[in-house]
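Next come the chains, spelled out residue by residue.
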Amino acid sequence: MTENEKSGMFDLFRLIAAILVISIHTSPLETINPYADIFLTRIIARTAVPFFFMVTGFYTNFEQPKKALLKLTKMYLAVTLLYLPFSIYSGYFSGFSLGKALKMLIFDGYYYHLWYFPACITGILLVHFLEKLSAKKAFVIAIILYIIGIFGDSYYGITIVPLKIFYNILFGIFSYTRNGLFFAPIFLLMGSKLKKANMKFDSKKVAVAVEIFFVIMTAEAFLLKGFNIPRHDSMYVFLVPTMLFLFAFLSSIKIPQKPILRKISMWIYIIHPLIIIVLRGISKIFSENFFEKRELLLFVLTTIFSGFFSIFAVIVTRKSRNLHNALHCPTARAWAEIDVNALRKNVEYLRSISPKNSELMPAVKANAYGHGAVLISRELNKMGVKAFCVASADEGAELRKHGIRGEILILGYTHPAQFPLLRFFRLSQTIVSYEYAKLINRYGKIHCHIGIDTGMRRLGIRSDEEGKIQRIFEMPNLYIDGIFTHLSADETTLPSDKSFTERQAESFFNIAESLAENGYYPKVHLLSSFGLLNYAHLGGDYIRAGIALYGCVVNANLLPVMSLKTRVTSVRNVYKGETIGYGLTSEAYEDMRVAALAIGYADGLPRALSDGKCHVLISGKRAPIVGKICMDQTIVDVTNIEVREGDIAVIIGNSGDEMITANEIAARADTIPNEILSRISSRVVICAK
Ligand SMILES: *Cc1c(COP(=O)(O)O)cnc(C)c1O
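What you are looking at is a predicted structure, and each value in this text was computed from that prediction instead of being measured.

1. Section: the site of the ligand
Here's step 1: Among the 13 residues in the neighbourhood of the ligand, the closest are listed as K365, Y369, S529, G546 and I547.
Here's step 2: Between the ligand and the protein, one listed contact pairs an oxygen atom with a side-chain N or O atom of S529 at 2.4 Å.
Here's step 3: Coverage of the ligand by the protein chains reaches 88% of its 390 Å² of free accessible surface.
Here's step 4: When the residues that make up the shell around the ligand are grouped by side-chain class, the tally is five nonpolar, five polar and three charged.

2. Some details on the side chain of S283
Here's step 1: Position of S283 relative to the elements: it lies in helix α12 (residues 259–283).
Here's step 2: With a relative accessible area of 5%, S283 lands in the buried category.
Here's step 3: Once residues within four sequence positions are removed from consideration, S283 is found in contact with F290 and F291.

3. Quick look at the sheet that holds strand β11 (residues 542–544)
Here's step 1: Across the sheet, which stays open at both edges, the three strands sit in the order β2-β11-β10 with parallel pairing between neighbours. The outermost strands of the open sheet, each flanked by one partner alone, are β2 (359–360) and β10 (527–528).
Here's step 2: Bridge count between β10 and β11: two bridges; the pairing is parallel. Bridging from a neighbouring strand, S528 pairs with R544 of β11.

4. Some thoughts on the domain arrangement of the chain
Here's step 1: Taken domain by domain, the chain comprises domain 1 (33–252), domain 2 (356–544) and domain 3 (562–660).
Here's step 2: Centre-to-centre, using C-alpha coordinates, domain 1 lies 56 Å away from domain 2.

5. With respect to the nonpolar core
Here's step 1: Counting 111 residues, the largest nonpolar core has L380, I450, I472, I483 and I618 as the members making the most contacts within it.
Here's step 2: Domain assignment of the residues forming this core places at least three in each of domain 2 (356–544) and domain 3 (562–660).
Here's step 3: Excluding residues that lie within four positions of it along the chain, I450 makes contacts with I431, I461, I469, I472, F473, I480, G482, I483 and F484.
Here's step 4: One finds F52, F53, I124 and L194 within the second-largest nonpolar core, a separate group that totals 82 residues.

Reading guide: rules and limits
- Residues numbered from 1 in each chain as written.
- Predicted model: local features only at pLDDT ≥ 70, side-chain atom pairs only at ≥ 80, totals over all residues.
- Heavy atoms only, no water.
- Near = heavy atom within 4 Å.
- Polar contact = N/O pair within 3.5 Å; in protein donor to acceptor, adjacent residues only side chain to side chain.
- Areas by Shrake-Rupley, 256 points an atom, 1.4 Å probe, with all protein chains shown as cover.
- Nonpolar A, V, L, I, M, F, W, Y, C, P; charged D, E, K, R; others polar.
- Helix = DSSP H or I, 4+ residues; strand = E, 2+ residues; numbered from the N terminus.
- Buried < 20%, exposed > 50% of the residue type's maximum accessible area, 1.4 Å probe, protein only.
- Contact = heavy atoms within 4.5 Å.
- Pairing = 2+ DSSP bridges.
- Domains from an automatic or database assignment.
- Core = buried A, V, L, I, M, F, W, Y, C linked by side-chain atoms within 4.5 Å.

Listed below in C-alpha cells is the structure:
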C-alpha cells in the first residue's frame, strides 16, 4: 500500500465536515441552548471548510493546476446553474450591474454556499504562484493575507477607523474576507507542504496539540463574541494551528482510502441547501413556520435526505462514468505512457546544445515515432516549438486538424492528387527532384523546401547541379522557404564518418553561398539528432531532431519519453518437457510457471525477439520471453517471480530498479530504436502520464 492509499481518514473526515456544514446552515441547537449552538456551528463546524481546502491542497499539483482548475470551474458553473432558479427567487439578481455580477461570480457565488468554488479556484491560482517562492516566503505571504482577512472577519470590531475605510472598499469588491484571497491560501499551502514533507506524526502527541489549540480557539471565539467584535465568524487566529494539527492527526492514522465518501461528501455539500429549500416548502403544509424552534429536526432531516440523495447521485454518475472509462480505458491491454516532463527536459537540453539562432523542427513523422503525433506536437507547441517535420501530407493534415500551429514540412514525396491538401492545410512540401519542382509550379502557389542531395543518394537535387537549384528559385509559383540536406554518417565521429560529414556540409553551404550571391536567402538546415549531438558546430536554422527528442540515444542528459506496458492475462504451471507456444520451439527445462501477456507482434513487439531473445519486467524482475511471440500475445517465464493475473508487465520502461530501453530491444532485434518505436501499432493506446 502506498502512503496515499492509507489516507482514508481524510475521506472519513470529509463526510463529517460536510455534515458540519449542514449544521452551520440549520443551527440545530439554537432552541435547545444558544451557547451550545454557537459552539457547534461557529466553532467546531468552522474547521470544515479549511479542512476541504487542506485536502484540496494535499492532492493538487500546484505546478500544473490546469486540470484541477478546469474541473472546479466546470463544477462551479454546473452547480450555479442548478441553483439558478433559487438564486433568482432569493433576489441574488436584484439590482443587476456588471460590477455586481462579477463580484458574485468571482467571489460570493450565486447562492450562499457557492462561494467555496471561486474561493478554491482563486486560492489554487494564488498558491500556484506562491509555490514558486521559497517555503518561508510563501508562508509569510499566506499568513499576511490571512491576517488581513481576520480583521475583516472575526476581529472586524477592533479595527481602527482608517482601516475600516480600507475594508469597506474591499467589501465593495466582495462581501467577506473569507474568500480565495485571504482565507483559502494558507490552508491550501499547508495541505500542499504537508504532502511534500511526507512527515510521520505521533498520533497521540498531535491529538493533544489539536485539543490544546481547539480549546484556545474556543476561548478566542467566545471572547470575541462576548465583546461583539466579529463581523463574520469564519476566521480565527487559532484556527490555523488547530487545522494544522488536526490534519496531522488525521494523516497519522492509517486506514484504506474511501473514495466513495469523497464523492458523497461533495454531493452533500452541493445539495443540502436544496434539500433545506424543499423541506421548508413541504413543511408549509403543516404550518407557516414549522421549523422555527424545530431546528434540530430540520438538521436531522436535511442530513438524512442529503445523504440519501448523494448516495443515489454517486451510484447514477458512477454507472455512466464506468461506461465512459470502459470505453476509454488506456490501461486495458497494451498501452504507451508518455512522460511529458521528460519530453520537456529533452527539449530544454537539445536547445541548450543547439547552434546559436537555430530552432527545433522536431520530427513527428510516423506518429511521432509511435509516441502519438498530436499529443507530442501539442506539448511541443506549448513549449514554444513552431516548426515540425512529417513524412506525408496525411500526417501534416492530421496535425492541422488537431490545431497544431507553426510550419509543417513534409520531408517526402506527395502525390500530385494530394497537392490541394498542401494549400488547404498550409503544409510545406519538400522538392524531391527538378521534375517535381516543375510539377508543383504548374499546380500553383505552394510553400517549399528544396532537398539537396549531398551524399545520401535518396531525395533532392544533387549538390553538383547548382544550375537546376537556381532555376527552381526562379519558378514563379514556388515560395522557397528553405533548403536542406540530410547527413548519412553523423552517428559517429570516427575519422571516415567525420570527413564524409564535413564534405556533405561543405557542399551544402557552398550552395547556400552561391544562392546568397544571387539574392536568395532561404533557411538552411542539415542536422538531425546525431548531427546535433556530434556536429552542432555545423549550424543551420533548424534542427530536425527526432530520436533524441524521444530520449532514445545513449546520452545521460536525454530521458526516455515512452514506457510501453501491458497486462498479465493468465499465469499457469508448465511441467518439465512440455513445449510452450507455436511450433514447439521452446521446451520447459524444469517445472515452470509462465504468464501470458496481452501484447504481440501486431502491437509492434518484433517477432524476432521470440525464444528468450528479450525480457519484459514484472515486479522489478526480468522475465524472459518463451516460445514464439504471437500476433496478440506473448508468453514469458515467471518461474522466479511472484505474479498474479492483471499485474502490469513493462516492455519498455522502468520497474523497480530494472529498466529496459528501446535501445536494448533494438539491439536484441538487430535494428535501431527508431524502428522499434515507429512500428508500435495503432492498437496500442497512448496516454500522457
Ligand atoms: C527522420 C528524419 C529526421 C529525424 O531524424 P532523427 O535521427 O530521428 O533525429 C531528420 N531529417 C530527415 C530528412 C528525416 O527523414
